[in-house]
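Inside the fold
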Amino acid sequence: MLEKQLNEVEERISDACRRSGRDRSEVTLIAVSKTKPVSMLQEVYDLGIRTFGENKVQEMCDKYEAMPQDIKWHMIGHLQRNKAKYLIGKTTLIHSVDSVRLAEAIEKEAAKKNCVVDILMEVNVAQEESKFGLSTEEVLPMVEEIAEFPHIHICGLMTIAPYVENPEENREIFAGLRKLSVDITNKNIDNVNVSILSMGMTNDYEVAIEEGATMVRVGTGIFGVRDYKNV
Ligand SMILES: *Cc1c(COP(=O)(O)O)cnc(C)c1O
């Protein structure tokens, strides 16, 4: 049942890569499986998907236990400091770091477990009041501060664009995140490499790829609409 939807997403990613002169291998598809049952995750796993995104710590940990070990789990949702400890060792990448205090909690836990945690800085490029994430101006000083943490590695930037009828309206936001990553790269900060750009969701991932996304987070396009009643 999910094969057709997954194939369509794959096709549209390939087309967007072709249009923008990029190689398909430059873009990682994250299957955003939040609220969906393990049986559906298993179905797309069997179709070859190994990268999943979840936005709640408990739900990710439950699915981590239930699913095969070769999956890469991405934490894409807002993270509370006191929950960071449950994720370390299970998640491949935390997309949503937007404060030094959260980074400190991750650092402390990673030090305990003697590992280095890969993170993205979440940027609220669209300046929406209701959302998490840093303003564009806050990013560089915070990157410089977190770069000093020995058990954290900053790998890139993430943004959530607003829902819009016409995805073209978000092009500027994606271009803005890319520009910010270029500005940070030009600073040559030790221990920082912002080559990952996590941007684009079901409604706008093709535009995001055209603007340089290296990770797209697609939920509805693969799994269908979410029902929050049972969560
Ligand atoms: C839910 C979610 C997505 C996926 O959204 P869709 O519109 O269903 O593709 C992507 N990114 C984040 C941060 C999310 O919370």
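Residues numbered from 1 in each chain as written. Predicted model: local features only at pLDDT ≥ 70, side-chain atom pairs only at ≥ 80, totals over all residues. Heavy atoms only, no water.

Right, let's get into the overall build of the protein. Tallying secondary structure elements over the protein gives nine helices and eight strands in all. By the compact-globule yardstick of 17 Å for 231 residues, the protein fits well, its C-alpha radius of gyration being 17 Å. Each principal axis of the C-alpha distribution contributes one length, and for the protein these read about 45 × 40 × 35 Å. A sequence separation of at least 24 residues applies to 59% of the contacts in the protein between residues at least 6 apart. Within the structure as shown, the protein displays about 11,300 Å² of accessible surface, and the carbon and sulfur contribution to it stands at 48%. (Helix = DSSP H or I, 4+ residues; strand = E, 2+ residues; numbered from the N terminus. Rg over C-alpha atoms; globule rule 2.2 N^0.38 Å. Contact = heavy atoms within 4.5 Å. Areas by Shrake-Rupley, 256 points an atom, 1.4 Å probe, with all protein chains shown as cover.)

This part takes up the site of the ligand. By nearness alone, every residue bordering the ligand is listed as Val32, Lys34, Ile76, Ile160, Met201, Thr202, Arg217, Val218, Gly219, Thr220 and Arg226. One of the side-chain nitrogen or oxygen atoms of arginine 217 is found 2.8 Å away from a nitrogen atom of the ligand. Side-chain polar atom of arginine 226 to an oxygen atom of the ligand: 2.8 Å apart, as the coordinates give it. Taken by itself the ligand offers 390 Å² of open surface, and the protein chains cover 90% of this. In terms of residue class, the shell around the ligand is made up of five nonpolar, three polar and three charged. (Near = heavy atom within 4 Å. Polar contact = N/O pair within 3.5 Å; in protein donor to acceptor, adjacent residues only side chain to side chain. Nonpolar A, V, L, I, M, F, W, Y, C, P; charged D, E, K, R; others polar.)

Its place among the elements puts valine 123 in the loop between strand E5 (117-122) and helix H6 (136-146). Between the alpha carbons of valine 123 and asparagine 170 there is a distance of 14 Å; along the sequence they are 47 residues apart.

Below, the discussion takes up helix H1 (residues 3-19). Owing to its 3.6 residues per turn, the α-helix aligns residues three or four sequence positions apart on the same side. Compared with the 24 Å implied by 1.5 Å per residue over 17 residues, the 24 Å span of H1 between its first and last C-alpha is a close match. Three or more residues of H1 are buried, namely Leu6, Val9, Ile13, Ala16 and Cys17. With its buried residues spanning 105° around the axis, H1 presents them on a single face. Among the exposed residues of H1, those pointing more than 90 degrees away from its buried face are Lys4, Glu11, Arg18 and Arg19. Buried residues along H1 sit against strand E1 (28-32), helix H8 (205-210), strand E8 (215-218) and helix H9 (220-223). (Expected span 1.5 Å × (residues − 1). Buried < 20%, exposed > 50% of the residue type's maximum accessible area, 1.4 Å probe, protein only. Arc of directions from axis to C-beta.)

What follows concerns the UniProt feature "modified residue: N6-(pyridoxal phosphate)lysine" (unreviewed entry) in the protein. Listed under "modified residue: N6-(pyridoxal phosphate)lysine" (unreviewed entry) in the UniProt record, and renumbered for this structure, are Lys34. You can see lysine 34 is positioned in the loop between E1 and helix H2 (38-46). The contacts of lysine 34, once residues within four sequence positions are left out, are Gly53, Glu54, Asn55, Glu59, Lys63, Arg226 and Tyr228. (UniProt positions renumbered as here; feature names shortened; annotations may be inferred.)

Where two cysteines share a covalent bond between their sulfur atoms, that bond is called a disulfide. Tallied over the full model, the rule gives zero disulfides. No disulfide involves cysteine 115; its sulfur sits 13 Å from that of cysteine 155, the nearest cysteine. (Disulfide = S-S within 2.5 Å.)

This next bit is on unusual backbone geometry. Positioned with a positive phi, asparagine 188 is a non-glycine residue whose angle comes to about 50°. Along the chain, the position of asparagine 188 falls in the loop between helix H7 (171-185) and strand E7 (192-198). At asparagine 191, a residue that is not glycine, the phi angle is positive and equals roughly 70°. Here asparagine 191 shows up in the loop between H7 and E7. Given the relative accessible area of 36%, asparagine 191 is considered partly exposed.

The terminal C-alpha atoms of H7, which comprises 15 residues, lie 21 Å apart, in line with the 21 Å expected from a rise of 1.5 Å per residue. For H7, every residue scored as buried is listed here: Ile173, Phe174, Leu177, Leu180, Ser181 and Ile184. Along the long axis of H7, the arc covered by the buried residues comes to 115°, so they all point the same way. Across from the buried face of H7, at angles greater than 90 degrees, the exposed residues are Glu172 and Lys179. Summarising the contacts, the buried residues of H7 are in contact with H6, strand E6 (152-158), E7 and H8.

Glancing now at the nonpolar core. Counting residues in each nonpolar core, the largest one holds 69 residues, and the members touching the most others are Phe52, Met121, Ile146 and Leu157. Setting aside anything within four residues of it in sequence, one finds phenylalanine 52 in contact with Ile30, Ala31, Ser33, Leu41, Val44, Tyr45, Ile71, Lys72, Trp73, His74 and Phe223. (Core = buried A, V, L, I, M, F, W, Y, C linked by side-chain atoms within 4.5 Å.)

Time to look at the side chain of serine 198. When you line up the elements, serine 198 lands in strand E7. Of the polar contacts made by the side chain of serine 198, one reaches the side chain of histidine 95; its length is 3.0 Å. Apart from residues no more than four positions distant in its own chain, serine 198 is found in contact with His95, Leu120, Leu157, Met158, Thr159, Leu177, Met215 and Arg217.

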